Amino acid sequence: MTPAREILLHTVPVDVFDTERIRSDFPALHQAVHGQPLVYLDNAATTQKPLKVIEVLDSYYRNDNANVHRGVHALSERATAAYEAAREKVRKFLNAQSPQELVFVRGTTEAINLVAQSWGRANLRPNDEVVITETEHHSNIVPWQMLCGQTGAKLRVVPAEDNGELSVERYAQILGERTRLVAVSHCSNALGTINPVKQMISLAHETGAVVLVDGAQAVPHLAVDVRDLDCDFYAFSGHKLYGPTGIGVLYAKMALLQDMPPYQGGGEMVKHVSFDHAIYHDPPLRFEAGTPNIAGAIGLGAAIDYVDAVGIEAIGRHEQDLLARATAAMAGMPGLRIIGTAPEKTGILSFVLQNIHAHDVGTILDMQGVAVRVGHHCAIPVMQRYQVPATARASFALYNTREEVDVLVAAVYRAKEVFG
Amino acid sequence: MMTDLRSLYEEVILDHNRNPRNFQHAPPAANHVAHGYNPLCGDELSVSLRLENGIVTDIGFDGAGCAIATASASLMTESIKGKTVEEAKALFESVHEMLTQQGSAGDLGKLQVLVGVREYPARVKCATLAWHTLQAALRKEQGTVSTE
Ligand SMILES: Cc1ncc(COP(=O)(O)O)c(C=O)c1O
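Residues numbered from 1 in each chain as written. Chains lettered and ligands numbered in written order. Predicted model: local features only at pLDDT ≥ 70, side-chain atom pairs only at ≥ 80, totals over all residues. Heavy atoms only, no water.

Right, let's get into the sheet that holds strand E5 (residues 129–133) of chain A. All names here are of chain A. Spatial strand order, E4-E10-E9-E8-E7-E5-E6: 7 strands in an open sheet with mixed pairing. Looking at which strands have only one partner, the edges of the open sheet turn out to be strand E4 (102–105) and strand E6 (154–158). Averaged over all pairs of adjacent strands, the angle between their axes in this sheet comes to 20°, without regard to strand direction. Here E4 runs beside strand E10 (residues 248–252); their pairing, made up of 4 bridges, is antiparallel. When the bridges of E10 are listed, Phe 104 appears paired with Val 249. (Pairing = 2+ DSSP bridges. Helix = DSSP H or I, 4+ residues; strand = E, 2+ residues; numbered from the N terminus. Axes fitted to C-alpha atoms, helices over the stretch in contact; angles between N-to-C directions.)

Structure below.
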């Protein structure tokens with residue numbers, strides 16, 4: 001090796017993020033929208049899928065398709081092995097103790113409903129309290145409202161600070177001896193705030209409450225260790241993590257799962273059935289009534305492999321770089337207000353423009369090939385808290401580039417131009 | 001591309017958005033009021049009018065919405081004043097057809113500027129919100145109409 005080459009090798013950081021190679025793994029990114037190259041910045045709603053995930057789905061249906069946990073034939077055994085291998089991948093990804101602590105569900109929404117209807121109905125009494133926060137997604141509000149209606153428990157809400165943070169002090173004041181459960185998002189989907197969940201969990205445990213963490217907006221961006229967090233429940237969706245739609249995960253501590261009644265009844269969740277009674281399976285099968293989304297689970301496993309290969313820390317750093325660039329450019333724009341300015345954020349930039357409604361911003365950006373989400377982001381209480389009818393939200397993923405951030409910024413300037 | 005944008009955001013639309021007509025105008029002795037809501041985007045507006053002997057003698061609107069919703073409401077109030085209930089309903093039908101059906105010809109005068117919206121299916125409900133609310137007001141429905 002020549003000395004020059006040696007020097008080169010040593011000066012290039014080992015973790016250079018190769019977005020070009022990553023982008024080549026995502027077929028959907030390579031298209032034009034309204035004659036412009038697609039700039040996909042709606043990743044908090046759902047992410048595009050890498051070829052590896054698409055191929056795994058294709059191959060499963062071509063070669064291995066069979067029902068799981070019920071056949072002795074070869075295809076069923078292959079499908080069951082692949083489905084359970086995916087569960088083990090999720091276990092490693094979240095650092096759970098055992099794969100039996102992971103229940104495959106449709107997504108975050110179903111995971112939360114499962115906890116509310118199974119754990120919640122079995123454990124809540126009138127005047128018990130469920131604590132949520134002002135920055136939750138509707139899916140971490142409505143299931144608890146329903147549960148409170150069914151049990152006579154009360155919903156308490158931790159207010160958000162002006163910059164989108166949660167104050168641990170105000171949270172601690174709301175916790176009390178009536179608190180049975182705390183449900184909080186790890187990261188807010190409307191604002192991007194990374195919440196101090198570890199501290200919140202430890203405070204809740206001191207009062208004897210259990211904690212559900214909605215991790216839908218966290219797992220794609222930061223390393224999650226459920227044992228380090230010591231959360232009781234953790235929920236996420238595959239489709240926001242480069243996996244298929246219709247598959248998600250509920251993690252629950254085994255001690256809790258073992259005592260929880262089934263969520264739905266049907267096949268797969270029972271050991272024995274007579275007309276007098278049924279003997280339920282142990283977790284997690286007890287909570288997976290009916291034929292599950294087998295292909296979805298296997299696809300999620302492939303998505304986790306993909307994220308692991310790139311490295312979640314590297315992904316997080318890359319997204320932070322994009323967020324910083326976008327924030328710097330937007331913060332200097334006259335008439336633009338960023339909603340959510342917490343110091344600890346994932347790659348989410350929510351903003352409003354003076355005198356231009358978010359829907360008009362969304363359409364004008366779309367005309368320039370830039371896909372963002374506009375509206376209330378399934379978080380109407382957040383919109384009310386910050387007194388805006390809606391925001392435009394750009395959300396970054398591992399395949400976005402600095403150039404795309406610049407296209408976004410230019411497109412927002414265009415919107416201002418059109419509206420004069 | 002900017003010309004495409006202008007096909008939706010025509011100067012007339014931008015003008016009616018910037019200076020909406022009959023906005024925050026509550027007709028004296030208004031006898032028909034309705035509230036409209038688009039849950040998809042959170043746009044809300046109310047239409048109130050005075051109906052005398054089957055004729056809309058005065059009309060105003062209030063609320064918050066995008067440029068398309070606001071301009072459509074503004075243009076609507078201008079074109080409805082002085083119309084009979086039957087004429088107003090017929091106009092609603094024509095506007096609805098223009099916004100939802102490709103190739104519908106006709107000339108709706110000033111309202112024709114809204115035709116560009118038809119290329120943006122996600123935005124059609126923004127343009128029809130005021131009109132649905134007007135319909136509800138004319139039917140003297142109380143409460144809220146929803147575009148969903
Ligand atoms: C924070 C948060 N929680 C829950 C959800 C619901 O996820 P899903 O629709 O995949 O069930 C979302 C997704 O929009 C979210 O962002």
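Listed as interface residues are 21 residues of chain B and, on the opposing side, 17 residues of chain A. Summed over both sides, the interface of chain B with chain A buries roughly 1,500 Å², with 64% coming from carbon and sulfur. Applying the counting rule to chain B against chain A returns 1 salt bridge. Between Arg123(B) and Asp360(A) there is a salt bridge, with the nearest N and O atoms lying 2.9 Å from each other. At the junction of chain B and chain A, the tally comes to 7 residue pairs in polar contact (both at pLDDT 80 or more). Those elements giving two or more residues to the side of chain B that touches chain A turn out to be helix H1 (2–8), helix H2 (11–18) and helix H3 (67–80) of chain B. The dominant element in the side of chain B that touches chain A, judged by the number of residues it contributes, is H1(B), at 5 residues. (Contact = heavy atoms within 4.5 Å. Buried area = accessible area lost by both parts, 1.4 Å probe. Salt bridge = Lys/Arg side-chain N within 4 Å of Asp/Glu carboxyl O. Polar contact = N/O pair within 3.5 Å; in protein donor to acceptor, adjacent residues only side chain to side chain.)

The next point concerns the nonpolar core. In this structure, Val90(A), Leu94(A), Phe104(A), Tyr234(A), Leu300(A), Leu398(A) and Tyr399(A) are the most contacted members of the largest nonpolar core, which totals 75 residues. Element by element, the count of residues in this core is highest for helix H11 (residues 294–310) of chain A, at 10 residues. Apart from the residues within four sequence positions on either side, Tyr399(A) is in contact with Thr19(A), Ile22(A), Arg23(A), Phe26(A), Leu29(A), Tyr40(A), Asn43(A), Thr47(A), Gln48(A), Tyr242(A) and Glu404(A). One finds Met367(A), Ile59(B), Ala130(B) and Leu134(B) within the second-largest nonpolar core, a separate group that totals 74 residues. (Core = buried A, V, L, I, M, F, W, Y, C linked by side-chain atoms within 4.5 Å. Buried < 20%, exposed > 50% of the residue type's maximum accessible area, 1.4 Å probe, protein only.)

Treat this as a map of the structure, not an account of what it does.
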